[in-house]
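Take a look at the letters that make up each chain.
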Amino acid sequence: MTMRAWVSALAVVTGLLAVDVAQAQTTVRMSWYSDGNEGEVVADLLKRFEAQNKDIKIVLDQVPYKAINENLPVQLASGQGPDIARVVDLGGIARYALDLRPYLKDAAYWDANFGPFLEWMRPQGDTNSIPGFMTQLTVTGPFVNKTLFEQAGIALPGAKATWEDWAKATKDVAAKVQAPFPIAMDRSGHRFFGLAISEGAKLFDAKGEPAVIDDGFKRAAQLVYDWHKSGVMAKELWGSVSGAAYRGANDEFKNAQVVMYMSGSWQIAQFDKTVGNAFDWVAVPTPCGPAGCTAMPGGAGLVAIKTTKNPAAVARVMEYLASEPVLSEFYSRSLFVPGHIGIAAKGLDYKDASPLAKASLKVFSDQVAGLSPVAYKLQGYANNRIIFNAVISRVGQAISGETTLDEAYKRVASDVEQQIAERNKK
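Keep in mind that what you see is a predicted model, and the values were worked out from it rather than measured.

**Structural notes on the overall build of the chain**
Thought 1: On a plain count of helices and strands, the chain comes out with 19 helices and 10 strands.
Thought 2: Relative to the 2.2 N^0.38 estimate, which gives 22 Å for 426 residues, the radius of gyration of the chain is 24 Å and therefore close to what a compact globule would have.
Thought 3: Carbon and sulfur atoms make up 52% of the accessible area of the chain, which totals about 18,500 Å².
Thought 4: The chain carries 44 positive and 44 negative side-chain charges, and their two centres are separated by 2 Å.

**A word on the state of the cysteines**
Thought 1: Taken as a whole and judged by the stated rule, the model has one disulfide.
Thought 2: Here cysteine 288 is linked by a disulfide to cysteine 293, with a sulfur-sulfur distance of 2.0 Å. Across the S-S bond linking cysteine 288 and cysteine 293, the dihedral sits near 95°, which makes this disulfide right-handed.
Thought 3: In this structure cysteine 288 comes out as buried when scored by relative accessible area, which is 5%.

**A closer look at the layout of surface pockets**
Thought 1: As a volume, the largest pocket reaches approximately 690 Å³.
Thought 2: Forming the walls of the largest pocket are 38 residues, and the residues nearest its centre are Tyr33, Tyr65, Val88, Arg191 and Tyr246.
Thought 3: The leading source of residues in the lining of the largest pocket is helix H18 (residues 384–399), at five residues.
Thought 4: Considering only residue class, the lining of the largest pocket consists of 14 nonpolar, 17 polar and seven charged.
Thought 5: A domain split of the lining of the largest pocket shows at least three residues from each of domain 1 (26–137 + 298–366) and domain 2 (140–297 + 370–425).

**Structural notes on the sheet that holds strand E4 (residues 132–134)**
Thought 1: Pairing within the open sheet is mixed, and its five strands lie in the order E2-E1-E3-E10-E4. If you trace the sheet from one side to the other, it starts and ends with strand E2 (56–62) and E4, each paired once. Along the sheet, successive strands turn relative to each other by an average axial angle of 15°, direction set aside.
Thought 2: Here E4 runs beside strand E10 (residues 301–304); their pairing, made up of three bridges, is antiparallel. Across the sheet, the residue bridging to methionine 134 is glycine 301, located in E10.
Thought 3: Sitting on the sheet, helix H5 (residues 107–121) is in contact with E4 and E10, with an inclination near 90° to E4.

**What about the side chain of glutamine 267?**
Thought 1: Position of glutamine 267 among the secondary structure elements: in the loop between strand E7 (258–264) and helix H12 (268–274).
Thought 2: A relative accessible area of 2% places glutamine 267 in the buried class.
Thought 3: Only 3.0 Å separates the side chain of glutamine 267 from the side chain of serine 263, close enough to count as a polar contact.
Thought 4: Those residues in contact with glutamine 267 that lie beyond four places of it in its chain are Phe143, Asn250 and Tyr261.

**Details of the domain arrangement of the chain**
Thought 1: What the domain assignment reports for the chain is domain 1 (26–137 + 298–366) and domain 2 (140–297 + 370–425).
Thought 2: A separation of 26 Å is found between the C-alpha centroids of domain 1 and domain 2.
Thought 3: Across the interface of domain 1 and domain 2, roughly 2,300 Å² is buried in total on both sides, 58% from carbon and sulfur atoms.
Thought 4: At the boundary of domain 1 and domain 2, one finds one salt bridge.
Thought 5: In this structure, glutamate 40 engages lysine 273 in a salt bridge whose closest nitrogen and oxygen atoms are separated by 3.8 Å.
Thought 6: At the boundary of domain 1 with domain 2, the tally comes to three residue pairs in polar contact (both at pLDDT 80 or more).
Thought 7: Every element with two or more residues in the side of domain 1 that touches domain 2 is listed here: helix H3 (65–77), helix H4 (90–93) and helix H16 (355–367).
Thought 8: For the side of domain 1 that touches domain 2, a count of residues per class yields 13 nonpolar, 12 polar and five charged.

**Some thoughts on empty space enclosed by the protein**
Thought 1: What the rule picks out here adds up to two cavities of 30 Å³ or more.
Thought 2: Within this model, the largest cavity holds a volume of roughly 60 Å³.
Thought 3: Every residue along the wall of the largest cavity is listed here: Trp32, Val42, Leu45, Phe133, Thr135, Leu302, Leu321, Val326, Leu327 and Phe330.
Thought 4: Looking at the lining of the largest cavity element by element, the count peaks at three residues for helix H14 (residues 324–334).
Thought 5: Across the lining of the largest cavity, the residue classes tally to nine nonpolar, one polar and no charged.
Thought 6: If you add up the space inside the second largest cavity, you get close to 40 Å³.
Thought 7: In terms of lining residues, the second largest cavity is bounded by Ile68, Asn69, Val87, Val88, Asp89 and Ile93.

**Side note on the packing of aromatic side chains**
Thought 1: In total, this model carries 28 aromatic pairs according to the counting rule given.
Thought 2: A ring pair is formed by phenylalanine 143 and phenylalanine 364, whose centres lie 5.4 Å apart and whose planes are at 55°; its orientation type is tilted. With phenylalanine 143 in strand E5 (residues 138–145) and phenylalanine 364 in helix H16, the pair connects residues that are 221 residues apart, well separated along the chain. The exposure classification of phenylalanine 143 matches that of phenylalanine 364, with both residues buried.
Thought 3: A centroid spacing of 6.0 Å and a plane angle of 40° characterise the contact between phenylalanine 253 and tyrosine 261, whose relative ring orientation is tilted. Both residues of the pair, phenylalanine 253 and tyrosine 261, belong to the buried class.
Thought 4: A network of ring pairs unites the aromatic residues Phe143, Phe253, Tyr261, Phe271, Phe279, Trp281 and Phe364 as a single cluster.
Thought 5: Its end group placed over the ring of tryptophan 32, arginine 86 keeps NZ or CZ at 4.8 Å from the ring centre.

**Quick word on the packing of H5 against helix H13 (residues 311–322)**
Thought 1: Where H5 meets H13, the closest approach of the two axes is 12 Å, and the angle between their N-to-C directions is 50°. In terms of axis orientation, H5 runs oblique to H13. Crossing hand, H5 versus H13: left-handed. The segment H5 lies against H13, with Tyr109, Trp110 and Phe114 engaging Met318, Glu319 and Ala322.
Thought 2: Taken together, the residues of the contact of H5 with H13 break down into five nonpolar, no polar and one charged.

Cut-offs and rules
Along every chain, residues carry numbers that run from 1 in the direction the sequence is written. Two thresholds apply to this predicted model, a pLDDT of at least 70 for residue-level local features and 80 or more for giving and counting side-chain atom pairs, whereas whole-chain, interface and lining totals are computed over all residues. Hydrogen atoms and water are omitted, and side-chain values are computed over all heavy atoms in the structure. Secondary structure elements follow DSSP: runs of H or I of four or more residues count as helices, runs of E of two or more count as strands, with numbering from the N terminus. Atoms counted for the radius of gyration: C-alpha only. Globule rule: 2.2 Å times the number of residues to the power 0.38. Note on areas: Shrake-Rupley, 1.4 Å probe, and residue coverage restricted to the protein chains presented here. Lys and Arg are tallied as positive, Asp and Glu as negative. Neither His nor the chain termini are counted. A single reference atom marks each charge: NZ on Lys, CZ on Arg, CG on Asp, CD on Glu. Only a pair of cysteine sulfur atoms within 2.5 Å counts as a disulfide in this structure description. Exposure categories follow from relative accessible area, calculated using a 1.4 Å probe and restricted to protein chains: below 20% of the type maximum is buried, above 50% is exposed, and the middle band is partly exposed. Here a cavity denotes a set of grid points, spaced 1 Å apart and computed over the protein atoms alone, in which a 1.4 Å probe fits but from which it cannot get out, and a pocket denotes an open set meeting protein on both sides within 12 Å along at least five of seven lines; residues with an atom within 4 Å of a point are reported as lining. Grid points are joined across faces, edges and corners, and a volume is the space filled by probe spheres set on the points. Each residue gets one label: Ala, Val, Leu, Ile, Met, Phe, Trp, Tyr, Cys and Pro are nonpolar, Asp, Glu, Lys and Arg are charged, and the others, such as Gly, are polar. Note that the domain bounds reflect an automated or database-derived domain assignment. DSSP bridges decide pairing: two strands pair if at least two such bridges lie between them. To obtain each axis, a line is fitted to C-alpha atoms, and for helices this fit is confined to the stretch in contact; angles are then taken between N-to-C directions over 0 to 180 degrees. Only heavy atoms enter the contact rule, under which two residues are in contact if any of them lie within 4.5 Å. Pairs of N or O atoms within 3.5 Å make up the polar contacts considered here, provided that, within protein, one atom can donate a hydrogen while the other can accept it, and that residues adjacent in sequence are counted only when both atoms are side-chain atoms. The term buried area refers to how much accessible surface (probe radius 1.4 Å) is lost by two components on association, counted for both of them together. Salt bridge, as used here, is a side-chain nitrogen of Lys or Arg placed within 4 Å of a carboxyl oxygen of Asp or Glu. Any pair of Phe, Tyr and Trp rings, taking the six-membered ring for Trp, is counted once the centres come within 6.5 Å. Such a pair is stacked with planes under 30 degrees apart, edge-to-face with planes over 60 apart, and tilted for the rest. Only when the NZ of Lys or the CZ of Arg is both within 6 Å of the ring centre and within 35 degrees of the ring normal is a charge said to sit over the ring. Orientation is classified from the angle alone, with under 35 degrees giving roughly parallel, over 145 giving roughly antiparallel, 65 to 115 giving roughly perpendicular, and any other angle giving oblique. Note on convention: the crossing is left-handed when the near helix lies turned anticlockwise from the far helix by less than a right angle, right-handed when the turn is clockwise.

Here it is, written out as structure tokens:
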């Protein structure tokens, strides 16, 4: 064989091998939303996985939070959707989740490190499945523009200050520095319930069934309603959307228009990047009510979807991302509170975080010990999204003047009862 013929034959063989590899490659599609830089971080980690696993190609669809919250459940209900998804409504998505346990090399590792959070992801009655893992543990709480307090010559309320203390202080600061928003709170049922539980809301009856409207809940709703009337909160935020639509105040806070922003730990990476050192932004302990000073736990989980045609490949991707070295890097680079018991016990070095971000991470981490059992129960309740949506929609209507608070309470109760009954029929 001549040299030219040999080279031609080699090229043909190489081409055929490349075709075989391409044909043997399994595609895994992942839907992902981001609050901060975590999309960039996971994309980098997945490139490493593909370099080490040539037989798997990962298509990372980075989508808005609204698409995950509103569009994904519709897709999954119709049998469509990705192989893996990053979701917040863990209870609502649970029925569509794949049990990874049969495909994992070391299921005991998942039980030991994700055990308490697996309960949030499982369908009712399921005590054994491993649907996924937490991309982070989140804790709700306020960020404060400390610089505005200093400019106003007003001291920050102390660690055990009440919601009323903060409302007065922030309004005084806003008046002195002409900031348009004394308090901004995410238009989110989840965010509202930290306040409600601190005010004494119990949410469930003795049988564990939803009983949303009680005196504690009414105290919290009245506070938010009154704050909108008095100018502590601005209708431009909650009133700019309707129904159960989410509305944050990230832009307003980073532009120094908000004195105190009630949101949560997931904002740290974003503020570290968008605010930087433009002003001193600090996390503060959750304000107190008569029943306590609790935040709401939460977080986003990366969940495998049971309609996948490639469960073994999905499990390999999930095992890689959930492994301690990879997940430690993900948490550290994303500035997230770990949702992994082993990593949390060892602690993380957030080496890329600014001093402001590191201080905020400590405040939120310290809040975990004071979380109310009611808050954990609500977060783990499979139908919590129904409660969150009913509350924010109906209380929002009262704030915008479409109805009264008393009528809103009746509608919340009927919405929750009706929608849970409808879900249980399916």
